[in-house]
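# Results of the structural survey
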Amino acid sequence: MARVMIIFAHPALEKSRMHAHLVPMIRNMQGITFNDLYEKYPDLDIDISREQALLTKHDIILMQHPLYWYNAPAIIRQWQDLVLEHGWAYGHSGKALQGKYISNIISTGSQEKDYRQGARHGYPLDHFLLPFRQTAVLCRMNYISPYTIYGVHRKDKSDIVEEVQKLRSMLEVLKSPDFDLSTLDTVTNLNELIKAPVQTS
Amino acid sequence: MDQHSLLFQSMVYLAAAILFVPLAKKMGLGAVLGYLLAGVIIGPSVTGFIGKEGEDIMHFAEFGVVMMLFLIGMELEPTLLWRLRSAILGLGGLQVLISSAAIAGLAMLLGVKLNAALAIGMIMSLSSTAIVLQTLNEKGWMSTAAGQSSFAVLLFQDIAVIPMLAIFPLLAVHAVQTEAAHSASIRDNLPAWGQTLVVLGAVATIVIGGRYLVKPIMHIIARTRVRELFTATALLMVVAIAVLMNLVGLSSALGAFLGGVVLANSEYRHELESDIEPFKGLLLGLFFIAVGASIDFSLIREEPWIIFGLVLGLMAVKALALFCLGKIFKLSTDQNLLFSLALCDIGEFAFVLLSLSEQSRILDDKMTGMLTAVVAISMAMTPLLMLFYEKLVQPRFTINETTEREQDQIEEHNPVIIAGFGRFGSITGRFLRANGVNCTILDMDSDRVDALHNLGIKVYYGDASRYDLLAAAGAEKAKVLIVAMDDYEKTTEVVKMVKRYFPHLQMLVRAKDSQDSFELMDLGVLHIYRETVDTSLRLGVDALNMLGMRAYHNHRAARTFLRQDELSLKSLSAARDNKKEFVSALKDRIAEMEQLISADKIKTWLDEGEGWDSSSIRDEVKGEPE
């Protein structure tokens, strides 16, 4: 059974619409570690050894956050700077994360069609996530394209309920006892997992 | 002397000092020269305000030298002594030996008897600690190689005075019937072993008393909280040592020095220093005035050539000896020149030794008078020589190597002084210490000082609102003063005093509440810390956390609240002046609280223009076509 951790970053959850509904659902799921960075470290003073211990204990790491300025909120960067130490996460002897899978769960205000050449944001979302992808490579991890919830600005109550269900089923797939980690090598992004037939080992 | 003439005399001395010392300082000659000059003017040679009784005053004022040695002893921390050991013993020892021998030899060539020549050699080998150190400090040369070497030599000389004081009576031709000074000694009627025993006993009394008696006594005195008792105790200590030493026939200066060394590491050191310092200063000043008054100008008029020849000859011999030593101890040429010029004068101890020589009939009156004039003139030359060095010699040496060797510190000078080491200051102090910042800590609670002392933390007992105590704690060179005392009245006293005398010090001041803060703002304090604000807010944050509100929001809300609170405090402070006459203090506080609370529109601050609030962009997007 794959051990899944969600690293969550939202500086103002009390004002959020989408994540405010996703978070209680995830917290209620058994078998998923939910690591709420802004709640744990309101002064950005990250406990490095705690974070490293958590990373070691999990196979799949998902960074859940809204997309701010084509990036994650500030605490994720702080977390990367402090936790991914040379000699531990990368470098000749830095093999603590080797072979683990890492990805993002991202919500965007704009719709998917805005993330195209010639559209408002000019590039597909994956282009903006290049730093995450290469960071994973440097840490000998496997990066999977993210689970994305597009167009949050236009979603109403019922849309949001639907998104909560969709994310739940994706996470159910990941944490199911017969889930094979190598499945992740075959999908183009995490959204696909919902439709993809579950491979049994 | 009847009472009227005593008052009149005091007036003359004080007025002369107040008139001439600032004048001399203004002309760059230093305080010592000012006193000497004042003495010359009021002395018999010029205006004649004081006559022969000046000599009585000189003997009385010699007690200033005893105090000076007590203070020098207290400055002699063993670590400092150890670091400078080779310079002190080697350079200092050789300087005294060579200069004494050379001058004594020359004196004998001029037909002086052996014992007198030896006395002259020793007297003239000494340099003026007061003038040299002060001049070097003024010019900022203290930390140069020459400055350090000079300090080492002066230190050795100060110590060498003590055996000299002991040797001089031995040089006396008619030692048995010297003056009344010895009549009180209980040593005289004892056999040799008894004398040794008495002397050892006296020294042991000072050491043991200093170690084990002073602390409990000071502790008891501190508890009475009567300030002047401290001064009385400090004076009593020095006087008692002097009496004890006289009783066994030793020099009181030696005893005072020993007492000082014993107390060097005591936590009451700064307090004792600041108590004795003014007396020492005044008495030394008086001493210098008396010396100035005793310069016999008729002698100079009679034999100007001999006297000036002696001044130049002595200084040249000393400078030459110093220069050779500087070469041996590898001083560079420019530093060596400074070192030689600085120390070639003859010091204030010469006056003491000269009067002693006269008392014990080693030197006759005429010789003493002439040499006193020589010493005074040579002292007057020192600032001029320094000026000469600065303007003409130093510019010739383009490579100035003052920066290479000089990391050695002469005294313990910490960048931070903490006044008050109670529940507030102790946390700040521990935090700074944990981050490698050394602090000089002052506290007024003698029980606490003792308790901390037992824990191995060096805390000095003393009242930080006193100028001299802060000066002794190194306020001149410190960067930051943390005022964390429990007593708010004292806090304001410290602030006022520091603003006036140490304006360079940045002050971080603890305040109890907003009322204190207002007053501190009025005093111009920039960094004010209300003692409970941060903790109250931290508690508030935790309460919000427990209620399930987001931790990061609560954290930022507390920051915002604090910022806003300090802003409104400032505006309230400005408004306060207009009405404070007629509103009672209590009413004032309630009104102030109301205003503060009404200013707490935290909801609106937090909601204003935050990038994480997407409601406006949502509205915008909804207006757009799909």
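Worth saying up front: this structure is predicted, and the values here are computed from it rather than measured.

The next subject is the overall build of chain A. From N to C terminus, chain A includes 9 helices and 6 strands. Counting all 201 residues of chain A, 53% fall into the buried class. Partitioning the intrachain contacts of chain A with sequence separation of at least 6 by distance along the chain shows that 74% fall at a separation of at least 24. For chain A, the accessible area works out to roughly 9300 Å², and carbon and sulfur atoms hold 51% of it.

Here we take up the overall build of chain B. In terms of helices and strands, chain B carries 28 helices and 6 strands. If you take every contact in chain B between residues at least 6 apart in sequence, the share linking residues at least 24 apart comes to 75%. Accessible area for chain B stands at about 31200 Å²; split by element, carbon and sulfur atoms hold 64% of it.

This paragraph deals with the packing of helix α4 (residues 63-75) of chain B against helix α11 (residues 227-247) of chain B. Residue and element names in this part refer to chain B. Two elements in contact, α4 and α11, have axes whose closest approach is 11 Å; the angle formed by their N-to-C orientations is 110 degrees. In terms of orientation, α4 and α11 fall into the roughly perpendicular class. Residues F63, V66, M67 and F70 of α4 form the contact with α11, whose own contacting residues are L235, V238, V239, I241 and A242. Looking at the contact of α4 with α11 residue by residue, the classes come out as 9 nonpolar, no polar and no charged.

Our next topic: the side chain of H121(A). The topology assignment puts H121(A) in the loop between β4 (101-107) and α5 (125-128). Apart from the residues lying within four places of it in its own chain, the contact partners of H121(A) are Y70(A), S110(A), D114(A), Y115(A) and F128(A).

Inspection of the entire model under this criterion finds 21 salt bridges over all chains. Between E273(B) and R269(B) there is a salt bridge, and its shortest N-O distance comes to 3.4 Å. Of this pair, E273(B) and R269(B) both sit in helix α13 (residues 269-294), 4 residues apart, which is roughly one turn of the helix. For the salt bridge of K490(B) with E493(B), the shortest nitrogen-to-oxygen distance reads 3.4 Å. Of the two residues, K490(B) and E493(B) are both situated in helix α22 (residues 488-501); the distance of 3 residues between them amounts to about one turn of the helix. One network of salt bridges, in which partners are shared, links R27(A), D36(A), E39(A) and R550(B).

So, about the environment of A511(B). All names here are of chain B. Within the element layout of this structure, A511 appears in strand β5 (residues 506-511). Judged by relative accessible area, A511 falls into the buried class, the value being 0%. Counting along the chain gives 20 residues from A511 to E531, while the straight-line C-alpha distance between them is 6.0 Å. In this structure A511 touches D516, S517, L520, I528, Y529, R530 and E531, once residues within four positions along its chain are discounted.

Another aspect to go through is the confidence of the model for chain B. Residue and element names in this part refer to chain B. Mean pLDDT for chain B: 79, with 84% of residues reaching 70 or above. Least confident of the elements in chain B is helix α27 (residues 602-607), whose mean pLDDT is 53; most confident is strand β4 (residues 480-483), at 95. Note that pLDDT drops below 50 for residues 175-184; the model gives that stretch 6 contacts with residues more than four away or on any other chain. Note on residues 398-411: pLDDT is under 50 here. Beyond four places in sequence and across chains, it has 23 contacts. Reported confidences for the modelled complex are a pTM of 0.55 and an ipTM of 0.83.

Residues and elements named next belong to chain A. Most of strand β1 (residues 4-8) sits out of view: 5 of its 5 residues are buried. Neither face of β1 is left uncovered, since the one carrying V4, I6 and F8 and the one carrying M5 and I7 both have all their residues buried. Here 5 bridges tie β1 to strand β2 (residues 32-36), and the two strands are oriented parallel to one another. Each residue of the ladder has a partner; that of V4, found in β2, is I32. Following the chain from β1 across helix α1 (residues 18-28) to the adjacent parallel β2, one finds a crossover that is right-handed.

An α-helical segment advances 3.6 residues per turn. Residues three or four places apart therefore align on the same side. For helix α7 (residues 157-175) of chain A, built from 19 residues, the straight-helix expectation of 27 Å at 1.5 Å per residue is met to within 8% by its first-to-last C-alpha distance of 27 Å. Burial in α7(A) covers these residues: I160(A), E163(A), V164(A), L167(A), M170(A), L171(A), V173(A), L174(A) and K175(A).

Before going further, it helps to spend a moment on the interface of chain B and chain A. Each side of the interface is counted separately: chain B has 19 residues, and chain A has 20 residues. Carbon and sulfur atoms supply 51% of the area that chain B and chain A bury against each other, a total of about 1900 Å² over both sides. Together, R550(B), Y552(B) and W612(B) form the three largest contributors to the area buried by chain B at its contact with chain A, with a combined 39%. Our count for the chain B to chain A interface comes out at 2 salt bridges. Close ionic contact of E39(A) with R550(B) constitutes a salt bridge, the shortest N to O distance being 3.5 Å. Our count for the contact surface shared by chain B and chain A stands at 3 residue pairs in polar contact (both at pLDDT 80 or more). At the level of secondary structure, the elements contributing two or more residues to the side of chain B that touches chain A comprise α25 (551-579), α27 and α28 (615-623) of chain B. For the side of chain B that touches chain A, a count of residues per class yields 8 nonpolar, 3 polar and 8 charged.

Moving on, we get to the packing of aromatic side chains. Enumeration over the complete set of coordinates arrives at 10 aromatic pairs over all chains. Taken together, the aromatic side chains of Y70(A), Y115(A), Y123(A), F128(A) and Y150(A) make up a single cluster linked through ring pairs.

So, on to unusual backbone geometry. A positive phi angle, close to 60 degrees, is found at Y70(A), a residue other than glycine. Note on placement: Y70(A) falls in the loop between β3 (60-66) and α4 (74-83). In this structure Y70(A) comes out as partly exposed when scored by relative accessible area, which is 31%. Unusually for a residue other than glycine, K330(B) sits at a positive phi of about 60 degrees. Assignment of secondary structure puts K330(B) in the loop between α15 (304-328) and α16 (333-343). Residue K330(B) is classed as exposed on the basis of its relative accessible area, which comes to 75%.

Turning our eyes to something else, we now look at α22(B). All names here are of chain B. With 14 residues, α22 extends 20 Å between its outermost C-alpha atoms, agreeing within 8% with the 20 Å of an ideal straight helix rising 1.5 Å per residue. Taken together, the buried positions of α22 are Y488, K490, T491, T492, V494, V495, M497 and V498. For α22, the elements touching its buried residues are α21 (467-472), β4, β5 and α23 (514-522). The distance from a side-chain oxygen at the start of α22 to the backbone nitrogen of E489 is 2.9 Å, and the residue carrying that oxygen is D487.

The rules we used
Residues numbered from 1 in each chain as written. Chains lettered and ligands numbered in written order. Predicted model: local features only at pLDDT ≥ 70, side-chain atom pairs only at ≥ 80, totals over all residues. Heavy atoms only, no water. Helix = DSSP H or I, 4+ residues; strand = E, 2+ residues; numbered from the N terminus. Buried < 20%, exposed > 50% of the residue type's maximum accessible area, 1.4 Å probe, protein only. Contact = heavy atoms within 4.5 Å. Areas by Shrake-Rupley, 256 points an atom, 1.4 Å probe, with all protein chains shown as cover. Axes fitted to C-alpha atoms, helices over the stretch in contact; angles between N-to-C directions. Parallel < 35°, antiparallel > 145°, perpendicular 65-115°, else oblique. Nonpolar A, V, L, I, M, F, W, Y, C, P; charged D, E, K, R; others polar. Salt bridge = Lys/Arg side-chain N within 4 Å of Asp/Glu carboxyl O. pLDDT = per-residue confidence, 0-100. Pairing = 2+ DSSP bridges. Right-handed = clockwise from strand over helix to strand, strands pointing away. Expected span 1.5 Å × (residues − 1). Buried area = accessible area lost by both parts, 1.4 Å probe. Polar contact = N/O pair within 3.5 Å; in protein donor to acceptor, adjacent residues only side chain to side chain. Phe/Tyr/Trp six-rings, centres within 6.5 Å; stacked < 30°, edge-to-face > 60°.

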